[in-house]
Amino acid sequence: ELGDYQHYMQKEIFEQPQALAATLEMIGGAQTLTPNLFGVAAPEMLAGVRSVLILACGTSFHAGLVARYWIEQLAGIGCSVEIASEYRYRVSVPNPEQLVVAISQSGETADTLASIKHAKALGMGRTLAICNVPESAIVRECALRFLTRAGPEIGVASTKAFTTQLAALFLLAVTLAKQNGRLAPEHEAGHLKALRHLPVAVQKVLALEPDIKVWATRFADKHHALFLGRGHHYPIALEGALKLKEISYIHAEGYPAGELKHGPLALVDKDMPVISIAPNDALLEKLKSNLKEVAARGGELYVFADADSAVDEEAGVHVLRLPEHYGLLSPVLHVIALQLLSYHAALVKGTDVDKPRNLAKSVTVE
Ligand code: M6R
């Protein structure tokens with residue numbers, strides 16, 4: 001089943017172009033989206049949605065955090081994202097009009113399932129599951145559904161499930177933008193075109209594997225690592241850190257770069273590699289000044305830039321360029337580089353990549 005691959009995780013990382021193409025197949029060559037993508041009841045249920053609550057765990061929670069940037073920016077609709085195990089047990093203020101979105105690869109995660117039941121018990125009936133497994137408990141519990149078509153994911157580390165969730169969430173953001181009267185037809189067609197081109201763009205990132213492998217060998221002997229990002233790449237920094245700790249057991253933390261001075265800078269020295277996501281966007285200059293702070297403290301910087309980013313190699317600063325600058329969908333490309341980085345760091349360390357210690361693929365008990 002593994003074919004030419006050494007591990008399921010590697011196979012699943014490299015399957016991402018197909019997984020994305022399959023997930024996006026239903027939009028075909030369309031220039032315009034219909035809410036029916038999310039189920040027959042969607043046109044009625046999504047109409048008039050003014051606020052969104054996303055519930056999920058782990059990597060799926062990080063997909064939700066990226067979606068918040070998209071939904072607020074494109075649709076002008078408020079969006080909060082909460083860890084399912086927190087939401088289900090806290091006293092919150094219910095909003096019956098809110099759209100509640102559960103994100104789960106397996107559809108069986110106990111806390112995510114319970115959080116949806118909790119929201120429903122509080123009177124919130126507009127529920128949507130974004131899930132990779134049809135007929136799973138979470139899909140059955142929700143009124144609406146969008147099924148990602150990543151195919152079975154065997155490796156415990158979520159890879160292709162995450163990027164297909166992002167594709168689904170981007171479709172949701174565009175759909176909500178349209179329903180909210182915020183989307184010019186040419187912008188809609190542009191977003192769909194960018195989505196359709198994703199498999200090709202992903203392939204180009206996968207081709208960077210040899211360079212990423214060299215980076216991974218350089219810091220695999222470290223005990224700690226810091227991941228930095230800003231804006232919609234901040235959740236990608238969190239996801240990069242989760243991947244690294246999960247499969248290589250290197251302690252890693254993800255931070256929004258603007259928070260450096262508020263604490264984590266104290267940790268930075270020559271033994272603390274800092275991995276930074278630096279696409280050419282409005283926040284690049286701010287990020288660069290954060291990176292200077294790291295360099296000044298002797299920290300070794302590994303910068304994932306893109307084709308257009310004005311970031312240069314210098315002593316202690318290594319730069320790898322992703323081949324395309326991808327605007328709003330750039331998180332999908334940058335996370336793939338980080339998946340490869342943790343995969344290769346784990347290989348160097350010799351850990352069990354597909355079955356990390358103490359973890360289960362699907363957390364069906366609390
Ligand atoms: O099946 P789910 O998406 O609900 O799973 C949620 C988390 O358990 C999962 O994403 C976990 O964090 C991954 N192993 C991370 O790679």
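Please refer to the structure placed before this passage.
Here the residue numbers are simple positions, counted from 1 along each chain's written sequence. With the structure being a predicted model, the display of local features is reserved for residues of pLDDT at least 70 and the display and counting of side-chain atom pairs for 80 or more, all residues being used for whole-chain, interface and lining totals. Excluding hydrogens and water, the side-chain figures rest on all heavy atoms present in the structure.

Caption draft 1: Representation of the sheet that holds strand S5 (residues 144-147) within the structure. Pairing between strands is defined by DSSP: at least two bridges between them are needed. Helical segments are the DSSP runs of H or I of at least four residues, strand segments are the runs of E of at least two, and each set is numbered from the N terminus. Spatial strand order, S2-S1-S3-S4-S5: 5 strands in an open sheet with parallel pairing. Single-partner strands in this sheet number two, and they are strand S2 (78-83) and S5. Each adjacent strand pair in this sheet contributes to an overall mean axis angle of 20°, direction not counted. Judged from the 4 bridges that link them, strand S1 (residues 51-56) and strand S3 (residues 99-104) form a sheet pairing that is parallel. In the strand pairing of S3, Leu53 is matched with Val100. Contacting S1, S3, strand S4 (127-131) and S5, helix H8 (residues 160-179) runs over the sheet at an angle of about 165° to S3. In this analysis an axis means a line fitted to C-alpha atoms, helices contributing only their contacting stretch, and an angle means the value between N-to-C directions, from 0 to 180 degrees. By definition, residues are in contact when any of their heavy atoms lie within 4.5 Å.

Caption draft 2: Expanded view of the site of the ligand. Surveying the vicinity of the ligand reveals 13 residues, the closest of which are Ser60, Ser104, Gln105, Ser106 and Thr109. Gln105 places a main-chain nitrogen or oxygen 2.6 Å from an oxygen atom of the ligand. We call two N or O atoms a polar contact when they sit within 3.5 Å, provided that within protein one can donate a hydrogen and the other can accept it, with sequence-adjacent residues counted only if both atoms are side-chain atoms. Between the ligand and Ser158, the relevant distance is 2.8 Å, taken from an oxygen atom to a main-chain nitrogen or oxygen of the residue. Calculation on the ligand without its partners gives an accessible area of 410 Å², and the protein chains cover 90% of this total. In this analysis, the protein atoms alone were mapped onto a 1 Å grid. Cavities are point sets where a 1.4 Å probe fits without being able to get out; pockets are open sets with protein on both sides within 12 Å along at least five of seven lines; lining residues have an atom within 4 Å of a point. Criterion for pocket placement: a molecule counts as inside a cavity or pocket if more than half of its atoms are within 2 Å of its grid points. With respect to the detected pockets, the ligand is housed in the largest pocket. Contributions of two or more residues to the shell around the ligand are made by helix H4 (58-75) and helix H11 (234-248). The nonpolar class holds Ala, Val, Leu, Ile, Met, Phe, Trp, Tyr, Cys and Pro. Asp, Glu, Lys and Arg form the charged class, and all remaining residues, Gly among them, are polar. When the residues that make up the shell around the ligand are grouped by side-chain class, the tally is 3 nonpolar, 8 polar and 2 charged. Summary of the distance rule: residues count as near a molecule or strand when at least one heavy atom falls within 4 Å of that molecule or strand. The method behind every accessible area is Shrake-Rupley, applied with a 1.4 Å probe, and residues are considered shielded solely by the protein chains displayed.

Caption draft 3: Broad picture of the sheet that holds strand S8 (residues 274-278). The sheet built from 5 strands is open, its strands ordered S7-S6-S8-S9-S10 with parallel pairing. Strands at the two margins of the open sheet, each flanked by one partner only, are strand S7 (251-256) and strand S10 (317-322). Taking each pair of neighbouring strands and ignoring which way they run, the sheet shows an average axis angle of 20°. Docked against the sheet, helix H12 (residues 284-296) engages strand S6 (224-229), S8 and strand S9 (301-306), running at close to 165° with respect to S8.

Caption draft 4: Spotlight on the packing of aromatic side chains. Any two of the Phe, Tyr and Trp rings considered here, Trp counted by its six-membered ring, make a pair once their centres fall within 6.5 Å; the pair's planes then place it as stacked at under 30 degrees, edge-to-face at over 60, or tilted in between. Enumeration according to the criterion identifies 6 aromatic pairs in this entry. A centroid spacing of 5.0 Å and a plane angle of 85° characterise the contact between Trp70 and Phe170, whose relative ring orientation is edge-to-face. In this pair, Trp70 sits in helix H4 while Phe170 sits in helix H8, placing the two residues 100 residues apart along the sequence. Across the pair, Phe170 and Trp70 agree in class, each one buried. What links up through ring pairs into an aromatic cluster is the set Trp215, Phe219, Tyr302 and Phe304. Only protein chains enter the accessibility calculation, which uses a 1.4 Å probe; a residue whose area is less than 20% of its type maximum is buried, one above 50% is exposed, and one in between is partly exposed.

Caption draft 5: Summary view of the environment of Ser104. Tracing the chain through its elements places Ser104 in strand S3. Exposure remark for Ser104: the relative accessible area of 3% places this residue in the buried category. Remark: the alpha-carbon pair of Ser104 and Lys245, spanning 141 residues in sequence, is separated by 21 Å. Separated by 2.8 Å, the side chain of Ser104 and the backbone nitrogen of Gly107 make a polar contact.

Caption draft 6: Fine view of empty space enclosed by the protein. Grid points are joined across faces, edges and corners, and a volume is the space filled by probe spheres set on the points. Per the stated rule, a full pass over the model turns up 1 cavity of 30 Å³ or more. Considering only enclosed or pocket space, the largest cavity measures out at about 50 Å³ in volume. What lines the largest cavity is Arg230, His233, Ile277, Ala278, Pro279, Asp281, Leu283, Leu284 and Leu287. When the residues that make up the lining of the largest cavity are grouped by side-chain class, the tally is 6 nonpolar, 1 polar and 2 charged.

From the geometry alone we can't say anything about function, so treat these as descriptive.
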